Amino acid sequence: MLELSEVKGIGPKTEMLLNKIGITNIDDLVTHYPFRYDVLKRSNLKEVSEEDKIVIDGKVESIPLIVRFKGGLNKLNFRLATPQGPVGVSIFNRAFLKPQLEIGTNIIVLGKFDQKKNIINASDIKFGSLSSTEKIEPVYHTTSGLNQKTLSGYINNVLLKHGNDIEDKIPRYLLDKYDFLNKKTALNIVHNPPNFEKLKEASMRLKYEELFEFMFKINYLRLEKEKSEQGINRQGNKKDLDKIIKSLAYELTNDQQKVLNEIIEDLDSDKRMNRIIQGDVGSGKTIVSFLAMYYNYLCGYQSALMAPTEILAIQHYNNMKQVFKDTDINIELLTGSITKKDKQPIYKGLKDGSINIVIGTHALIQDEVEYNNLGLVVTDEQHRFGVNQRTNLKNKGVKPDVLYMSATPIPRTYALTIYGDMDVSIIKEMPKGRKPVKTIVRSEAQIKDVLERMHEELKNNHQIYVIAPLIEDSENVDLTTVCNLRDKMNLAFGSKYKIDIVHGKMAPAAKDLIMGEFKQNKVNILISTTVIEVGVDVPNATMMVIFDANRFGLSTLHQLRGRVGRSDLESHCILISNADTKRLEIMESTHDGFVISEEDFKLRGSGDIFGTKQSGDMSFKIANLKSDYKILSQAKKDSLEFLKDKDYDNDPIKINLIQSVKTD
């Protein structure tokens, strides 16, 4: 591939500037797409008022004069010959443009027109002319020392001289099938659009290529995993599993039973399971994972469940002990706070196989932990762990089956990408008897009503979460913080009720201690940031009050709301906001996390589905997961067919794509 330094005009300093904006090679340069387009439409100077923004083109008619002011400021003045007659142009702090504004140079001026003085007070100057009455001008992300014109020049220089050498990643038969433009033409149009119709055609072709390449890699990895990762071929006693299911205090929902069947089918096959259970808050994912681990035990293998926090691990441990109290299964808890002395018998039991199931935190992947025959690995709230942490646990056994759980409903659009190499099981149906949390939106002016509602819950010996988005005051953002909320709550309720706070800057042990006290009803009001989004079950918590609710994504609000309503008690969630209340109203009308996540996806895009941006988040140069789902779906289908078709095994595009997967 051509090096950047081989492009005319790109020296070491410019190359360093290009590197700063993510351009490290020629491919990066030509795919550094405009992030927007300005439509430059020639204005009629006779019809504009002083406040109107205008666009006019013409030729420089006089040598620009520089006027300098105190403080290093300057102004450039010159005459411009336009199709509508000569006008004066003034532009501040652009003295560096003088050498380029030679007499006869064609330029386009943006700014405001003073008709009395016949002067344009320019805000920007672009080089070129409006060949018709309109021009589509690309605008690029750039950096100090690298202007739009220079960057555009480098891109067009490469396309002109080396465009035929740019690698095409769409097979010839698909180019013909969809009547796509060739890549060089598409790139030329995107960087120099003659009109919007051509721009749309070129963009479609480039989006498809980007998504085709991405889905090719996902599909390739999945097929390779299926070929190379032979799983454990096991058969358990399903009658014993049915006995446990019948002994539960509740019936499994249809979705739970369906997902459990999918897992059992995976465990019985010789294919290694790589499955995620997506389920709304409170939909009953955990019991499905418990039953999967019990079936794995019936087959003679160990299981490990890794939770993101110690308090959640303890909760899972206690719940599992209760579910399997009438069986011989040996379940142990392994967390960081357990003493070294108490860990030794657990290490021994895991190594000799006498412990059947272990539940814990990161302690499960420490070097000292050895398993006898680990057959199933379960990771709760999988997106809270790094890839390496999940892999380390998976590698503790000899190709154990892997099950992930996530209480963050994700739109199918997004799941198709981030879970592209996994099988996805979805639990939407809620258990019988679960009461939906009543949600209302209130303004700060209605705080008295909110406090009265809180007092009613406290009088009934119920507990309340109060949520704030920040820990400390910010000079720039006027948000209610944890600390001043604590002061307000103490003022309202402190004489009668115990109030405490928890936030992300606290040490994990301190956080777990307070959460534990809240669970034991030693704390009546818990003021928190979103750290309780994935937390413990507190059946007695019947109300949540979220301040500055407009600052949260809908999916995050839904996750937070899921912390209440964990029993048969009627529960409430109050969203306090003075802005964006129309958007928040969807929280009043639905409790379906998948519907809410779809709405969030439309409003906020893919970057904040989880409430905080995830590491490894999908990043595309021109495609957009929110608007290009149909292209993504087709690219997934086409790439899989291309991969599986042996007739194309010697196709250079297939060979190069596979090679790029191996070197990524």
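What comes next concerns the included structure. Here the structure is a predicted model, which is why all the values come from computation and not from measurement.

1. Re the overall build of the protein
Helices and strands together make up the secondary structure of the protein, namely 21 helices and 21 strands. Counting only residues that meet the buried cut, the protein has 51% of its 664 residues in that class. Considering only contacts within the protein whose residues lie at least 6 apart along the sequence, 72% involve residues at least 24 apart.

2. So, the sheet that holds strand β16 (residues 438–442)
Strand order in the open sheet formed by six strands is β16-β21-β20-β17-β19-β18, and the pairing between neighbours is parallel. Only two strands of the sheet have a single neighbouring strand rather than two, namely β16 and β18 (499–502). Pairs of neighbouring strands in the sheet enclose a mean axial angle of 20 degrees, with direction left out of account. Together, β17 (463–467), β18 and β19 (525–528) form the strand contacts of helix α15 (residues 482–493), whose direction differs from that of β19 by roughly 160 degrees. Helix-sheet contacts for helix α18 (residues 581–589) involve β16 and β21 (572–576), and the interaxial angle to β16 is about 165 degrees.

3. Points about the packing of aromatic side chains
All chains considered together, the criterion is met by 15 aromatic pairs. The aromatic ring of F127 is capped on one face by K149, whose charged end is 3.9 Å from the ring centroid. The ring of F642 has K654 sitting right over it, with the charged end atom 5.4 Å from the ring centre.

4. Considerations on the sheet that holds strand β12 (residues 357–360)
Spatially, β11-β12-β10-β13-β14-β9-β15 is the arrangement adopted by the seven strands of the open sheet, whose pairing is parallel. Since the sheet does not close on itself, it has two edges, and those belong to β11 (331–334) and β15 (423–427), each with one partner. Neighbour to neighbour, the strand axes of the sheet diverge by 20 degrees on average, direction disregarded. Sheet topology places strand β9 (residues 274–279) next to β15; five bridges connect them, and they run parallel. Counted as the bridge partner of Q278 is I426 from β15. Contacting β10 (302–306), β11 and β12, helix α10 (residues 310–323) crosses the sheet at an angle of about 170 degrees to β11.

5. A look at a nonpolar patch on the surface
On the surface, V67, F69, L73 and F92 cluster together into a nonpolar patch covering about 350 Å² of accessible area. Relative to the helices and strands, F92 is located in strand β5 (residues 85–92).

6. So, the pattern of salt bridges
Applying the stated criterion to the full structure yields 30 salt bridges. Note that R234 and D401 form a salt bridge whose closest N and O atoms lie 2.6 Å from each other. Remark: D401 occurs in strand β14 (residues 401–406) and R234 occurs in the loop between α6 (196–228) and α7 (238–247); sequence separation between them is 167 residues. In terms of burial, R234 and D401 fall into one category: buried. K459 is the partner of E456 in a salt bridge, and the nearest nitrogen-oxygen pair spans 3.1 Å. Taken together, the positions of E456 and K459, both in helix α14 (residues 447–459) and three residues apart, correspond to about one turn of that helix. Classification of E456 by relative accessible area gives partly exposed; the value is 40%. When salt bridges that share partners are traced, they join D168, K183, R205 and E209 into one network.

Cut-offs applied
- Residues numbered from 1 in each chain as written.
- Predicted model: local features only at pLDDT ≥ 70, side-chain atom pairs only at ≥ 80, totals over all residues.
- Heavy atoms only, no water.
- Helix = DSSP H or I, 4+ residues; strand = E, 2+ residues; numbered from the N terminus.
- Buried < 20%, exposed > 50% of the residue type's maximum accessible area, 1.4 Å probe, protein only.
- Contact = heavy atoms within 4.5 Å.
- Pairing = 2+ DSSP bridges.
- Axes fitted to C-alpha atoms, helices over the stretch in contact; angles between N-to-C directions.
- Phe/Tyr/Trp six-rings, centres within 6.5 Å; stacked < 30°, edge-to-face > 60°.
- Lys NZ or Arg CZ within 6 Å of the ring centre and 35° of its normal.
- Patch = residues over 30% accessible without salt bridge, like charges linked within 9 Å, V, L, I, M, F, W, Y side chains within 5 Å.
- Areas by Shrake-Rupley, 256 points an atom, 1.4 Å probe, with all protein chains shown as cover.
- Salt bridge = Lys/Arg side-chain N within 4 Å of Asp/Glu carboxyl O.

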